[in-house]
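# Structure at a glance
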Amino acid sequence: ESSTSACPVFVLNLLLQPLEALPVCPWSPSSSDQSAAAQAQKNAEDHIGNVLLDLVPKQLTKELNVKPPVILWMSQGMSKTFDMSLDSSSAIRIDVSVQPPFLPLEINLRRKRDSGKLETPIASAEWTEGRLLLMQSDIPKGAYILEILQPRKYMVQAGGSFSADSLANLCAHVTIHAEVGVASKEAVNTLRSELLDLPDLLAVQPLPPSLNTVGWFSSSLVPVVGTQVYRFKDGIGKISVKVDDPSILRMVCEPADLSNADIDAELVKDSATVAQADHLGQLVAEVQPGSYQMVLHPKANSPFLVTVGLATQSRLKEDYAIADSGKACLDKFPSLESGVTFSPRGWSIGPKFIRMQAAFLGTEGLLGKVPVELKSASVLYIEAGSALPLDLVRIALTVPEGLWVGEQRGSRNSLEIELPPGKYEVQVSQPKPMRMEKIKRCLDFSVRIIATPLNPDATSDASEAAETAAASDGQAVATGGEGKKQELQAREDAAVESAPCFAVGTVPLPLDFSDPKGGSKVLGGPLDAEGRLLVRTRAMLTDMHDGRKKVFLDTKGKKLQMKIGVIMGGHARFSRAAQLAFAVQPVGATSAVEPAETWSTPDGWERIYRLDKLG
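All values reported here derive from a predicted model rather than from experimental measurement.

For the coordinates displayed, the defined rule picks out 14 salt bridges. When the shortest N-O distance is used, the salt bridge between R131 and D95 registers 3.0 Å. With R131 in strand β7 (residues 131–139) and D95 in strand β3 (residues 90–99), this pair connects stretches of sequence that are 36 residues apart. When its relative accessible area of 31% is taken as the criterion, R131 is described as partly exposed. Residue classification places D95 among the buried positions, given a relative accessible area of 13%. Between D528 and R532 there is a salt bridge whose closest N-O contact spans 3.5 Å. We classify D528 as partly exposed; its relative accessible area is 28%. In the salt-bridge network here, residues are joined through shared partners; they are R93, D95 and R131.

See below:
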């Protein structure tokens, strides 16, 4: 039964298993299993023996280290508990396979207080066919108990041919995979969120040895622009390329792991450096005929998202002459927001194709700003398109701490993010200009901004209701009537499908809790001059950016105490509460702040943090 009448959801596990198909236990008189493992369980007083799970937290690494599972036989009524002590925040995964899955097993993780009393389980395993899975990615330090229990038993009909004693001799084969690791918040949260939108087929690959291959720059007649995630063997990567005509080469290196964002990239010819990338990993150069080598050397051995564009100057001249619209070039960035109605039901700007005078070809940095307003919780999509490799225009969302920069994929630079109602600023800039005097031209690029409400509301659309009434002209509109049949609009269809269950009464988390421009006003923010803030809201996390959201908080030089409570309602508390991870990390620090106190409840958890004077 669910606590919300709009979306009743329940999980049903049903097993029908013939008694004669159930395996007998090694300690059953009819068992013929003489293996050492079976005999060890048979001779143990509790029929479990010295089964141990390695629950000592291991340091989180990027290397795959699969631990051997624990295998045993279990019958009805058998249970086992394991003690676990954590010195720092950790993550745990317990995967139990039960064959056949007739045992009513339960697995709980509970915190043990100094008094020895146990709290409500902070995580419980869920059944999926013959598998029990417990995952908790954010466990504060402390003492814990892992319980494998069978609180319920099968009822055996009295007087039947099958007795309760016979049931105790029937077993299931249980395989337990246990893994506990130190939860490295900086490692988890610094993985580039935009990278997670890449399709699975676009996996991390080794750097190609040459660009003169099919699919890349195989012919000087075919320009190439491509984006791929690359890893670097031995911490360095080299790509050779040969050009037969004067060409333009542009390369953009973006980190997949934001904690390892530094990379040295250069273009080399005959051991001499032709061009060097800036601190943002941007490189552009005019290259003459010859053989070159692109050398990439990340400061840490981690993958990078690399965009490469290469085209001959003659081909660029031809393409520009064909694509030139002939429109006048602007002497300043246009007011894209002019005439736009920022409706709570969504709005869009563009795509706008912009031509700016040749003087802007050499402008490094800001080209223009676009102020926008969200009147309802929305997904904001911003995009800038440019003619790589000749030009590269970048788009970003201004936040109090700096810029939330779009990601380059081919010729498109874009960012998608969910935001609460508020006023925001979009910036368009040129990080690494290429003037190239041989082509007389303007700076051409496109800009597109779209706001889509998270919860479409067709019923409040008064204008559509008026249009429908006018179209019907007093006639019947029901199917089979004499009047004109009316169809649901797209927004109405979306409302019918999603409004009862999706985003009702919830808002996205803001970008900042300490600045008025951070989007926290609708939640009760920002932090006042005395360092006080109270937020009570139904917040949501979408699956965008792998379900993660960073919110900045500037203590403004004060020492603060922060209490946060998370409550999951309805059926969601059985799964999503265990999946929700929360961390407080100082900007620029390599470790998270441990909570001063934490406790769990049946529907969630609460924690207290003490924040030092930062900011």
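There is more to say, and it comes next.
In the predicted model, the protein carries a mean pLDDT of 80, and the fraction of residues at 70 or more is 81%. Taken together, the stretch residues 188–202 has pLDDT below 50 and engages in 44 contacts with residues farther than four places along the chain or on a different chain. This stretch, residues 494–502, has a pLDDT under 50; its non-local contacts, to residues over four places away or in other chains, come to 16 contacts.

Taking strand neighbours across the sheet as the criterion, the five strands line up as β10-β11-β18-β13-β16 in an open arrangement whose pairing is mixed. Two strands close off the open sheet at either side, each with one partner strand: β10 (205–206) and β16 (282–287). Alignment of strand β11 (residues 224–231) against strand β18 (residues 304–312), held across seven bridges, turns out to be antiparallel. Within β18, the residue paired with Q228 across the bridge is V306.

Conventions and cut-offs
- Residues numbered from 1 in each chain as written.
- Predicted model: local features only at pLDDT ≥ 70, side-chain atom pairs only at ≥ 80, totals over all residues.
- Heavy atoms only, no water.
- Salt bridge = Lys/Arg side-chain N within 4 Å of Asp/Glu carboxyl O.
- Helix = DSSP H or I, 4+ residues; strand = E, 2+ residues; numbered from the N terminus.
- Buried < 20%, exposed > 50% of the residue type's maximum accessible area, 1.4 Å probe, protein only.
- pLDDT = per-residue confidence, 0-100.
- Contact = heavy atoms within 4.5 Å.
- Pairing = 2+ DSSP bridges.

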